[in-house]
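Summary of the model geometry
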Amino acid sequence: MSSTAERRQQIEAKRAKLAELRKARADRQISDSNRRSAETSAGSFTPRNNDVDDLLSSILRESRGPGARNGEFDSGELTPSSSMPGTPLMGTSLLPSSLSGRASRNSDFASSIGTTLAPSTNSATDNVIDREMVPRFLPDLIDVEQELFELPTKKERVIYNKEVQTMEVETETPDLETETLQRGVSEIDLEALQAARDRELEEESVQLDKEIEEEIREIPPEELASILAAPELLEFVDSTTKMFYRAIHDYDPTRDYRVGTETGSDESEGRVKRVCEFFDEQYTKNRSITDVDWSPQYPELSVASYNKNAAALNEPDGIVAVWNLHLLERPEFVFHSQSDVLSVTFSPFHSNLVFGGTYSGQILLWDNRSKHLPVLKTPLSASGHTHPVYSMQMVGTQNAHNLITSSTDGTVCSWLVDMLAQPQETQELIHAGHNKTGEVAITAMDFPDNETTAFWVGTEEGNVYQANRYDRAGAKAGLNQYDVYKAHAGPVMGLHFHPTSGSVDFSDLFLTSSVDWTVKLWRAKSLAKPSTTLHAISPLYSFDESDDPVYDVKWHPTHPAVFGAVDGSGKFDLWNLNMDTEVPVVQTTVGSGRALNKLQWDKKDGRRAALGGSDGRLYIYDIGDMALPRELEWTDLQKTVSGMVGGAQTNGLVDGDVRSIAGR
């Protein structure tokens, strides 16, 4: 497109040049015609040589009188030759004084000599005088005769016309050589030169017209279709429209999420409100969100995984979309999968990488610097997962980390990020007390903070188990089947440990949500003393406010007493245990009231919550100042938990479940 604009500028420059050449030619023609007319008018006043000769002859005849034809002189003329010895007869050499300046001076001198040379008796004096005057007089007469035909120098004629008075014109000072040269060149040669110049101008004009016609020609439909389908054009349009939409939303349009890290900060008004919702008619229509996550490096980026669109057979079964808070109209990136994507997470150590777990059991790795397809994926073999992967988590540090995945067949795998051909470790969680099958169907999994070996899993049967990746003091690798966290009456859908932040460590507390409409608060048993016999562990508290299955629950990352939960009726419940343990402090119906499947707090300051709906829409909510903890929040929560423990011990268990235990 830029080359077309440059080409049009060149054509406009050529048009201007052609106009200047045509104007210069017209000015030159006018100048030539004016010069010719001036020369013609000046030549009419130049006397001809024949006219001068005739004039001189007539004057000479009149001055000589009637006796001039016979060679005689009048008595009033110069002294006769007889009075001047040695002087030849002048004959016709006498000229009137009016013909030439030099002739006039000589005649005056001769007259004065005739006056001073009066008849004298002293012949010696006459001889002396004659000898002195003869050489002065004769050469002058000869010179006068030769210079009579010398023409006066023609003065330059100044002609004023309209062109001279209105514009600057080159003026040539005519001299004899220039005039002779101009007269020597025939008019035919001048016309030939002018005709050649005209032909050159016409050829250049025709060439310019052809170039302009080629430039503005219409593109055939077939060629236009091929141009519009070119990958280069599509990539250019995609990148420029992203910049355009970011600029509309008052954001840096040149940011490239494939390089660099986030350094800015976002502001909120400090109250619960809906920031935006993400939906794309092309990619997310007729799909449900199965998992959500926030980027650790860029707080404005969130990712959502989607299941199959049954109405679109030609589209990929699974979709992963990366959304930008400053680009509401469409996803920042879209990744494809051959199977439904059930879990998704950003890599905390690589800002370009996104991991996904699929219904087929494959683990996929996408790179936003690449295209839509994954850059790495696990094989469909017995060495990895062969059942749906509902949970995954990255554990470790920047220099040593692994991706831990779990599937519904009880298999837990550990993967190196750069090698997905086969898992680094594989475990099968087996429970000997199961009647039909020994496997544990894992639906949720989480690691406590700063823990890479021990983890907890929620199962389809409603129980929660602790497991170890490796053998450790007093415990073996695999499932701890004796310590059973038993309270839910349905599959466990969400499990999350309390983050380690603040003055008091609550990392042994974790929350679970289930389809039995409840959220339960648990305290993990010490890993140093595992049970050797079957031991049922009861929850500290049960939150029974919901009237629908609770599909996910998450602790707030910065406020110790706040957590959020989403249920099947589209409600987003915000709890603060230091304020109330019976009802949520804020309850919001999100969207059209359809089920919310997933909840995730942003990793920067926890002001925003991403809610994934079964209608395929990703909702972003801002809780404002409720995310800012006071200094006493940790000690207050400690008192609250102590009151829960005391209440549970006082009231005991009712049918194996804790119902409405009083709080503080």
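Residues numbered from 1 in each chain as written. Predicted model: local features only at pLDDT ≥ 70, side-chain atom pairs only at ≥ 80, totals over all residues. Heavy atoms only, no water.

With respect to the helices, strands and loops of the structure, D291 is situated in strand 2 (residues 289–294). Judged by its relative accessible area of 13%, D291 is buried. Along the sequence, D291 and V344 sit 53 residues apart, while their C-alpha atoms lie 6.0 Å from each other. (Helix = DSSP H or I, 4+ residues; strand = E, 2+ residues; numbered from the N terminus. Buried < 20%, exposed > 50% of the residue type's maximum accessible area, 1.4 Å probe, protein only.)

Next up on the list: the pairing of strand 6 (residues 341–346). Extensive coverage of strand 6 is indicated by the burial of six of its six residues. In terms of strand pairing, strand 6 meets strand 7 (residues 353–358) through five bridges, oriented antiparallel. Pairing of F346 across the sheet is with V354, part of strand 7. Hairpin remark: strand 6 followed by strand 7, antiparallel, with six residues in the connecting loop. (Pairing = 2+ DSSP bridges.)

A side chain of one charge can pair with a side chain of the opposite charge when the charged atoms of the two come close. Evaluated as defined, the whole model comprises 15 salt bridges. With a shortest N-O distance of 3.4 Å, E425 and R469 are connected by a salt bridge. One end of the pair, E425, is in strand 13 (residues 425–428); the other, R469, is in the loop between strand 16 (464–468) and strand 17 (478–485), and 44 residues separate them in sequence. Its relative accessible area of 22% is what places E425 among the partly exposed residues. (Salt bridge = Lys/Arg side-chain N within 4 Å of Asp/Glu carboxyl O.)

With respect to the helices and strands, K529 occurs in the loop between strand 20 (519–523) and strand 21 (535–537). Remark: the alpha-carbon pair of K529 and G474, spanning 55 residues in sequence, is separated by 7.1 Å.

Across soluble globular proteins, you tend to see nonpolar side chains buried next to one another. One finds L511, V519, L521, F543, F563 and L577 to be the most contacted residues of the largest nonpolar core, which totals 21 residues. Contributing elements (two or more residues each) for this core: strand 19 (509–514), strand 20, strand 22 (541–543), strand 23 (550–555), strand 24 (562–567) and helix 10 (633–651). If one sorts the elements of this core by residue count, helix 10 sits on top with four residues. Excluding residues within four positions of it along the chain, V519 makes contact with L511, T512, S513, Y541, S542, F543, V550, V553, F563 and A565. (Core = buried A, V, L, I, M, F, W, Y, C linked by side-chain atoms within 4.5 Å. Contact = heavy atoms within 4.5 Å.)

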